[in-house]
Amino acid sequence: MEQTVQNEKTGKLLEVKDLRVSFFTPAGEVKAVSGISYDLDYDEVMGIVGESGSGKSQEAYSIMGLLQSPGKVIGGSITFEGRDVLSFGKNEMAAFRGSEVAILAIGMTLVVSASAGTDISVGSVMALSAGVCCTLLAGAAAPQATELAVPLIVGVLAALVVGCVCGAFNGALVAYLNIQPMVATLILWTAARAIGLLVCNNLIVYVRNDAFAMFGGYIGPVPTPLIIAAVCIAVVTIVLKKSALGLYIQSVGINKKASRIAGLNSQKIIFLCYVLCGLCAGIAGVVASSRITSADTNNIGLNFELDAILAVALGGNSLAGGKFNLAGSIIGAYTIQAITTTMYNLGVSSAVNPVFKAVIVIVIVAVQAPPVKAFFKKLSAKRQAEKEVKGAVGV
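Residues numbered from 1 in each chain as written. Predicted model: local features only at pLDDT ≥ 70, side-chain atom pairs only at ≥ 80, totals over all residues. Heavy atoms only, no water.

Draft legend 1. Fine view of the state of the cysteines. Counting across every chain of the model gives 0 disulfides. Free of any disulfide, cysteine 164 has its nearest neighbouring cysteine sulfur in cysteine 280, separated by 9.1 Å. Sulfur of cysteine 280: no disulfide; nearest cysteine sulfur belongs to cysteine 232 and is 6.2 Å away. With relative accessibility at 8%, the residue cysteine 280 sits in the buried group. (Disulfide = S-S within 2.5 Å. Buried < 20%, exposed > 50% of the residue type's maximum accessible area, 1.4 Å probe, protein only.)

Now the structure itself:
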């Protein structure tokens, strides 16, 4: 069932011991995988082959920690790079993936506030930034490298620059050409991921280097993505609070024409917000690629734009622009990841997950719609009038 091809380097990447997987149906227990044990070095390649129904998919999903109900690992252990895959809990998953969404939510909050629109390209920009970073770090050794071809800072800065350039492109279309934000960012939503595939030569570029893996790993017991997200939040909060930028962004979002008459350069402020959003996407791309020590441009940041928008909406921010609550967006980001992880644990397919998130977005947008607000305001006034009438009659 397994076959390995050995090279020169050694070191344990994966260890599977006595893995047993079963499906539990109304008819009873069905054994899918029975007592499989093997290990895999960093320099080995393994293929899982077998007849249909032999348990190939269940074994692969178990190794990746993606096995869903009614399947269940009933015995054995799986260790990947020294971490127990089966005990990788909800809090850790929320800290890793939730931090990536939180970083995106920072930029998305500013964009929504300033332009009353959303940047739907952030997921694709993440993938492009990750591809550029890993391709530079791997160099001639691509698609698999253990030594860095250029200094780590060069690869990281290149990813951030790419993110800023993408943000500047979106910002120019929205601020200076007055293109509707969703239409303007649709261009890179489509193109950025494809450009990332071209940069990586349509391959997954692996960078198995400890220094690079640090951005997606741990510093002591604390997940590094959590620290990076906290630093980003702190820096943006300080800038917004200690300068007038936060006030300018809200002013432009509330009324762009009035802000321009008051002396603010509305176009530059909107442009800057999109550049910052692109920068956040670049940071998130570096974190995501470091977490998996590779650039999988097909999947990095996939559907993350929906999570970022949903985080902003859950944070109590109006998608019509104006006042914003950055802390609310961050809480929304981690709440979304908690919901996502819970749905996985309940056996909901990953293909269905976006449907639930879309429903939440629809409900939030509907509640924020002016007719709905007017209806509830009218209803509240009616109830208040009835209370006053009853009070007068009682007197």
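Draft legend 2. Seen up close, a nonpolar patch on the surface. Among the surface-exposed residues, Met214, Ile219, Val222, Leu226, Ile227, Val231, Val235 and Val239 lie close enough to one another that they form a single nonpolar patch of about 590 Å² accessible area. The element that contributes the greatest number of residues to the nonpolar patch is helix H7 (residues 224-242), accounting for 5 residues. Along the chain, valine 231 falls in helix H7. The class of valine 231 is partly exposed, set by a relative accessible area of 46%. (Patch = residues over 30% accessible without salt bridge, like charges linked within 9 Å, V, L, I, M, F, W, Y side chains within 5 Å. Areas by Shrake-Rupley, 256 points an atom, 1.4 Å probe, with all protein chains shown as cover. Salt bridge = Lys/Arg side-chain N within 4 Å of Asp/Glu carboxyl O. Helix = DSSP H or I, 4+ residues; strand = E, 2+ residues; numbered from the N terminus.)

Draft legend 3. Just the nonpolar core, in detail. Core analysis: the biggest nonpolar cluster contains 80 residues, and Ile103, Leu104, Met126, Phe212, Leu240 and Ile249 have the highest contact counts within it. Broken down by element, this core gets its largest block of residues, 12 residues, from helix H10 (residues 266-291). When near neighbours in sequence (up to four residues on either side) are disregarded, methionine 126 contacts Glu100, Leu104, Ala281, Ala284, Gly285, Ala288, Ile300, Gly301 and Phe304. One finds Val16, Leu19, Tyr38 and Ile78 within the second-largest nonpolar core, a separate group that totals 12 residues. (Core = buried A, V, L, I, M, F, W, Y, C linked by side-chain atoms within 4.5 Å. Contact = heavy atoms within 4.5 Å.)

Draft legend 4. Representation of H10. Under the 1.5 Å per step criterion, the end-to-end length of H10 is 38 Å for 26 residues, consistent within 8% with the ideal 38 Å. With respect to burial, H10 is a largely interior element, 19 of its 26 residues being buried. Looking one or two residues beyond H10, the residue adopting positive phi is threonine 293, at roughly 45°. (Expected span 1.5 Å × (residues − 1).)

Draft legend 5. Fine view of the sheet that holds strand S8 (residues 205-207). Taken together, 3 strands build an open sheet; the order of strands is S7-S8-S11 and the sheet is mixed. With partners counted over all chains shown, the strands left at the sheet margins are strand S7 (144-145) and strand S11 (294-295), one partner each. Where S7 lies against S8, 2 bridges are found, and the strand directions are parallel. Directly across from glutamine 144, in S8, lies its bridge partner tyrosine 206. Here helix H3 (residues 122-138) sits on the sheet and contacts S7, S8 and S11; the angle it forms with S8, its principal contact strand, is near 60°. (Pairing = 2+ DSSP bridges. Axes fitted to C-alpha atoms, helices over the stretch in contact; angles between N-to-C directions.)

Draft legend 6. Representation of the environment of proline 225. Summarising the element assignment, proline 225 is placed in helix H7. In the structure, proline 225 is positioned 63 residues away from alanine 288 in sequence and 8.7 Å away in space, judged by C-alpha atoms. Aside from chain neighbours lying at most four places away, what touches proline 225 is Ala95, Phe96, Ser99, Phe215, Gly216, Gly217 and Val287.

Draft legend 7. Up close: the packing of H3 against helix H5 (residues 181-199). Packing of H3 against H5 leaves a shortest axis separation of 7 Å and a crossing angle of 15°. When the axis of H3 is compared with that of H5, the two are roughly parallel. Crossing of H3 against H5: the hand is left-handed. In contact with Gly123, Ser124, Val125, Ala127, Leu128, Gly131, Val132 and Thr135 of H3, H5 contributes Leu188, Trp189, Ala192, Arg193, Ile195, Gly196 and Val199. Per-class residue counts for the contact of H3 with H5 are 9 nonpolar, 5 polar and 1 charged. (Parallel < 35°, antiparallel > 145°, perpendicular 65-115°, else oblique. Left-handed = near helix turned anticlockwise from the far one by under 90°. Nonpolar A, V, L, I, M, F, W, Y, C, P; charged D, E, K, R; others polar.)

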